[in-house]
Amino acid sequence: MSILDVNRLDLEQITLPARNVQAYLSAFLSHRPLPENLKRAVEYALFGGGKLVRPILVIRCCEAVGGRPEQALAPAAAIELVHAFSLAHDDLPAMDDDDLRRGRPTLHKQEGEAMAVLAGDAMLALAFELIATRTKSADTALEVTRELSIGANDMIAGQVQDTLPTDIGDQNPIDRLEEIHKNKTGALIRAACRMGGICGGAAAAQLAALTRYAQAVGLMFQAVDDLLDVTATPDELGKAVQKDAGHGKLTYPGVLGIQGTREQITRLHAQAHAAMEDFDKRADPLRELCDYLAVRQK
Ligand code: GRG
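Residues numbered from 1 in each chain as written. Predicted model: local features only at pLDDT ≥ 70, side-chain atom pairs only at ≥ 80, totals over all residues. Heavy atoms only, no water.

K.L.:
Looking at this model, I keep getting lost on unusual backbone geometry. Mind explaining?
P.N.:
In terms of backbone geometry, most residues other than glycine have negative phi values and most peptide bonds are trans. One non-glycine residue, L52, lies in the positive phi region at around 60°. Following the sequence through the fold, L52 ends up in the loop between helix 3 (36-46) and helix 4 (53-64). The backbone phi angle of R102 is positive, close to 55°, even though this residue is not glycine. Along the chain, the position of R102 falls in the loop between strand 1 (100-101) and strand 2 (104-105). (Helix = DSSP H or I, 4+ residues; strand = E, 2+ residues; numbered from the N terminus.)

K.L.:
Help me out: how do you make sense of helix 5 (residues 73-90) in this one?
P.N.:
Think of an α-helix as 3.6 residues a turn; residues three or four steps apart then line up on the same face. For helix 5, with 18 residues, the first-to-last C-alpha span of 26 Å sits near the 26 Å given by 1.5 Å per residue. Of all 18 residues in helix 5, 18 are buried, a share of seventy percent or more. (Expected span 1.5 Å × (residues − 1). Buried < 20%, exposed > 50% of the residue type's maximum accessible area, 1.4 Å probe, protein only.)

K.L.:
It is not clear to me how the packing of aromatic side chains should be interpreted in this structure. Could you clarify?
P.N.:
To describe a pair of aromatic rings, you give the distance between the ring centres and the angle between the ring planes. Counted according to the given criterion, the structure contains 0 aromatic pairs. Lying over the aromatic face of F221, R296 brings its terminal NZ or CZ to 4.0 Å of the ring centre. (Phe/Tyr/Trp six-rings, centres within 6.5 Å; stacked < 30°, edge-to-face > 60°. Lys NZ or Arg CZ within 6 Å of the ring centre and 35° of its normal.)

K.L.:
Looking at this structure, I do not really get the packing of helix 2 (residues 17-31) against helix 5. What am I missing?
P.N.:
The relative placement of two packed helices is expressed as an angle between their axes plus a distance between the axes. One way to put it is that helix 2 packs onto helix 5 with a least axis distance of 9 Å and a crossing angle of 80°. With respect to helix 5, the element helix 2 is oriented roughly perpendicular. Contacts between helix 2 and helix 5 involve N20, V21, Y24 and L25 on the former and, on the latter, L73, A74, A76, A77, E80 and L81. The class makeup of the residues in the contact of helix 2 with helix 5 is 8 nonpolar, 1 polar and 1 charged. (Axes fitted to C-alpha atoms, helices over the stretch in contact; angles between N-to-C directions. Parallel < 35°, antiparallel > 145°, perpendicular 65-115°, else oblique. Contact = heavy atoms within 4.5 Å. Nonpolar A, V, L, I, M, F, W, Y, C, P; charged D, E, K, R; others polar.)

Keep in mind these numbers describe shape, not what the thing actually does.
This is the structure:
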C-alpha cells in the first residue's frame, strides 16, 4: 500500500519539536533529586529512541491554533513520561513479558523487575509534578491535568479491556476492537492533541476539530501498528512481532485482513485530514504528521 510516498515527507521538519522535548525532559530530570538508580532507569525508559509522537502532537496542535511551542513544552514532556510508564509496565512479565523494545533490552531486563515497576510509577507521578510545577497559568495547569489524567486512566482501562476482558457480550469484533483502541492507544493521542490545543488557546470549535483529528489518528496509529506486527521483522521494529494474534487478542488484520486494514488506514487518514479542513497552514505539520503515521515503517 502506498497512500503517499514516504520519501517526499520531510521527517526532520515534521519531528523538529522532539529534540526540544528531550532536552527539556533531560534538564527537568537533572534538577530533580532522585535515587541514582531510579534516575538511571527513568532515563533509560525515556531516551531509548522512541518516536516522541505524542509530544510532537502536543506542540503541533498548540501551533495549529496560533500558540508558540514553548507554551506546550511542559505538557509535551509530561505526556512522554506517561507513555514511557505505559511501555515499561506493558513489557513486564505480568503483562506482555517482552525482552526487547526499541532494539534494546526492555527496562525490567536492564534494571530488574522491581525497578521497572517503580520507575513506571515514578514516571506517571513525575508527569503531573512537571505540569503542576512548570505551568505558569493555574487555569491551564488544571485543564491540562484534567486531559492527561483522563487520558492515562482511559489508556489503563483499554489495557484492561485488551488483556483482562470480562464484559465482551455479543459486541461485534470491529466495534470491540475500536472500543479497546479508542482507549488503549487513542486516549493518550487524544489527550496530546487537546492539551496542545488548550496550551495554544484553542476556541471550542478548534478543540473539537483537534479531538476529531486525534480520534482518527489514534485508531490509524493502532491499525498501522497491527499491520507492521504482521508485515515487518523484529529487526525492523526493534521488538518481538506477531505476539498479539498468538495470544488471541483482537487485531485489525485479524478482524479485517491485511487488505481490509490497509483500506481502514486510508479511511482514517482521510478522516484526520477532513477534521483539519478549517485550519490554515499553521496546521500543515499536523497534516504531514498524519501522512507520516499512515506510512511509517517502525
Ligand atoms: C501498562 C498501563 C499500561 C498500559 C499499556 C500503551 C500500552 C498500554 C501498551 C503498549 C502496547 C502497544 C504495542 C500498544 C500499541 C500502540 C503503541 C502505544 C505503540 C507504541 O507506541 P510508539 O510506537 O512507541 O509511539 P515509541 O517507541 O516510538 O515511543
